[in-house]
Amino acid sequence: MPDDTAMGYENILLDRDGPVGVVTLNRPKVLNALSPALIAEVTDALSHLEDEVEIRAAVLTGGPRVFAAGADIGDMAERSPVDQLLRDQTGRWSRVASFSKPLIAAVNGYALGGGCELALMCDMIVAGDSARFGQPEINLGIIPGAGGTQRWPRTVGKYVAMEVNLIGGQVSAQRAYQLGLVNRVVPAEVTLRVAVDIARQLATKPPLALRLAKESVNKSLETPLSEGLSNERKNFYFLFATEDQKEGMRAFLEKRRGEFKGR
Ligand code: DAK
């Protein structure tokens, strides 16, 4: 398998731990500030992991001290709206949210601005006890540009979302857990390990069912209930066309573990 050096990455690391791909943001001197080059590398790495059949889930982390302190302010400071439009950053970032395999964020330290938005694009979030989430863009004279005003209210409701987006303060790991924004709070030194363990557990599940479960849950955030239910039903029926459904049900009846191939 190609590793990060072979791929020529300068802002991230890409590792594979069995069926789990691990993408690590790696600009520690600027708290993993998300430059366009870094985002391009993240999306490139995810598209490789997407194509590798043996990879069943992925983890996105910023390493032991910080997840990411937001988009690179130095890069953005003098940009015009036309620059922003032409660089198609929105298209790039949205590829993280459209990754079809399960993606777990392992967050230690700051996840601010675009860093927080990146974590919110993942399917589950494991937070180290040092994690701090927030949207401080308001203090820079802007608002979030990659989902902060949309994913917060859909996750924690209007009032906390207003607090986060209008005041620009930070939410601790513990509060994020109480709000339902993160799945686990763990000691910071085991954040990555716990996230990889969850990803490994997901890697034992039937990949096509995982993909459609992810798609169906995400759809529920964008559609009226009737449309979401209709979409779920179609995905449910479709899975009866897969070998994994036959294997899963046979394995249950034969009292053994299913071996899933993603077919
Ligand atoms: N950009 C660039 N450099 C940053 C940075 C950032 N976001 N955050 C930190 N750094 C750099 C600092 O400048 C400093 O560099 P040196 O001075 O050492 O050269 C180094 O990282 C260490 O930071 P500090 O010295 O400030 O460290 P502290 O521990 O004192 O403070 C902090 C940590 C996280 C509280 C502080 O660094 C901070 O407030 N950082 C900025 C946080 C922020 O405002 N984030 C929001 C940025 S706006 C879009 C997608 C996404 C976005 C927009 C559009 N599209 C798809 C269209 C996202 C926008 C944003 O995220």
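Everything below is about the structure printed above this text.
About the criteria used
Residues numbered from 1 in each chain as written. Predicted model: local features only at pLDDT ≥ 70, side-chain atom pairs only at ≥ 80, totals over all residues. Heavy atoms only, no water. 1 Å grid on protein atoms, 1.4 Å probe; cavity = no way out; pocket = protein on both sides within 12 Å on 5 of 7 lines; lining within 4 Å. Points joined across faces, edges and corners; volume = space filled by probe spheres on them. Helix = DSSP H or I, 4+ residues; strand = E, 2+ residues; numbered from the N terminus. Nonpolar A, V, L, I, M, F, W, Y, C, P; charged D, E, K, R; others polar. Buried < 20%, exposed > 50% of the residue type's maximum accessible area, 1.4 Å probe, protein only. Pairing = 2+ DSSP bridges. Right-handed = clockwise from strand over helix to strand, strands pointing away. Axes fitted to C-alpha atoms, helices over the stretch in contact; angles between N-to-C directions. Left-handed = near helix turned anticlockwise from the far one by under 90°. Contact = heavy atoms within 4.5 Å. Parallel < 35°, antiparallel > 145°, perpendicular 65-115°, else oblique. Arc of directions from axis to C-beta. Patch = residues over 30% accessible without salt bridge, like charges linked within 9 Å, V, L, I, M, F, W, Y side chains within 5 Å. Areas by Shrake-Rupley, 256 points an atom, 1.4 Å probe, with all protein chains shown as cover. Salt bridge = Lys/Arg side-chain N within 4 Å of Asp/Glu carboxyl O.

Peer 1: Explain the layout of surface pockets to me, please; I cannot follow it from the model alone.
Peer 2: Sizing a probe to match a water molecule and rolling it over the atoms shows the empty space that remains. Approximately 930 Å³ is the volume attributed to the largest pocket. Along its surface, the largest pocket is lined by 29 residues, and Leu120, Cys122, Asp123, Asn218 and Leu221 are the ones closest to its centre. Those elements giving two or more residues to the lining of the largest pocket turn out to be α6 (114-121), β6 (124-128), α7 (148-156) and α11 (207-220). The element contributing the most residues to the lining of the largest pocket is α11, with 8 residues. Split into classes, the residues belonging to the lining of the largest pocket amount to 15 nonpolar, 7 polar and 7 charged. Taken as a whole, the second largest pocket holds about 750 Å³ of empty space. Ala71, Met76, Glu117, Ile142 and Gly145 are, among the 32 residues lining the second largest pocket, the residues nearest its centre.

Peer 1: Even after reading the chapter, I still don't get the pairing of strand β2 (residues 20-25), so can you show me in this structure?
Peer 2: Counting buried residues in β2 gives 6 out of 6 residues, a clear majority hidden from the surface. Residues of β2 alternate between two faces, with Val20, Val22 and Thr24 on one and Gly21, Val23 and Leu25 on the opposite face, all of them buried. Relative to β2, strand β1 (residues 12-17) runs antiparallel, the two sharing 6 bridges. Note on β2: the bridge partner recorded for Arg16 is Gly21. With antiparallel pairing between neighbouring strands as the criterion, β1 and β2 make up a hairpin whose turn holds 2 residues, including Gly18 at a positive phi of roughly 60°. Relative to strand β3 (residues 57-61), β2 runs parallel, the two being bridged by 5 bridges. Across the sheet, Thr24 pairs through a bridge with Thr61, a residue of β3. Traced from β2 through helix α2 (residues 36-51) to β3, the parallel crossover comes out right-handed.

Peer 1: Sorry if this is basic, but what is going on with the packing of α7 against helix α8 (residues 158-167) here?
Peer 2: The description of two packed helices rests on the angle between their axes and on the distance between the axes. Following both chains from N to C, one finds α7 and α8 inclined at 145°, their axes separated by 7 Å at the closest point. Considering the relative orientation of α7 and α8, their crossing is right-handed. Counting all contacts with α7, which are made through Gly148, Thr149, Trp152, Pro153 and Val156, the residues of α8 involved are Lys158, Val160, Ala161, Val164 and Asn165.

Peer 1: What am I meant to see in the packing of α2 against helix α5 (residues 89-97) here?
Peer 2: Where α2 meets α5, the axes come as close as 9 Å, and the angle between the chain directions of the two elements is 40°. What the angle tells us is that α2 and α5 run oblique. The handedness of the crossing between α2 and α5 is left-handed. Here α2 contributes Pro36, Ile39, Ala40, Val42, Thr43 and Leu46 to the contact with α5, which in turn contributes Gln89, Arg92, Trp93, Arg95 and Val96.

Peer 1: Explanation requested: helix α13 (residues 243-253) in the structure shown.
Peer 2: Taken together, the buried positions of α13 are Asp244, Gln245, Glu247 and Ala251. In an axial view of α13, the angular spread of the buried residues amounts to 165°, which keeps them on one side of the axis. With its phi angle positive at about 55°, Lys255 sits one or two positions after the end of α13.

Peer 1: Can you help me understand a nonpolar patch on the surface in this one?
Peer 2: A surface patch of nonpolar side chains, amounting to about 440 Å² of accessible area, comprises Phe236, Tyr237, Phe240 and Met249. With a relative accessible area of 52%, Tyr237 lands in the exposed category.

Geometry only, nothing functional implied.
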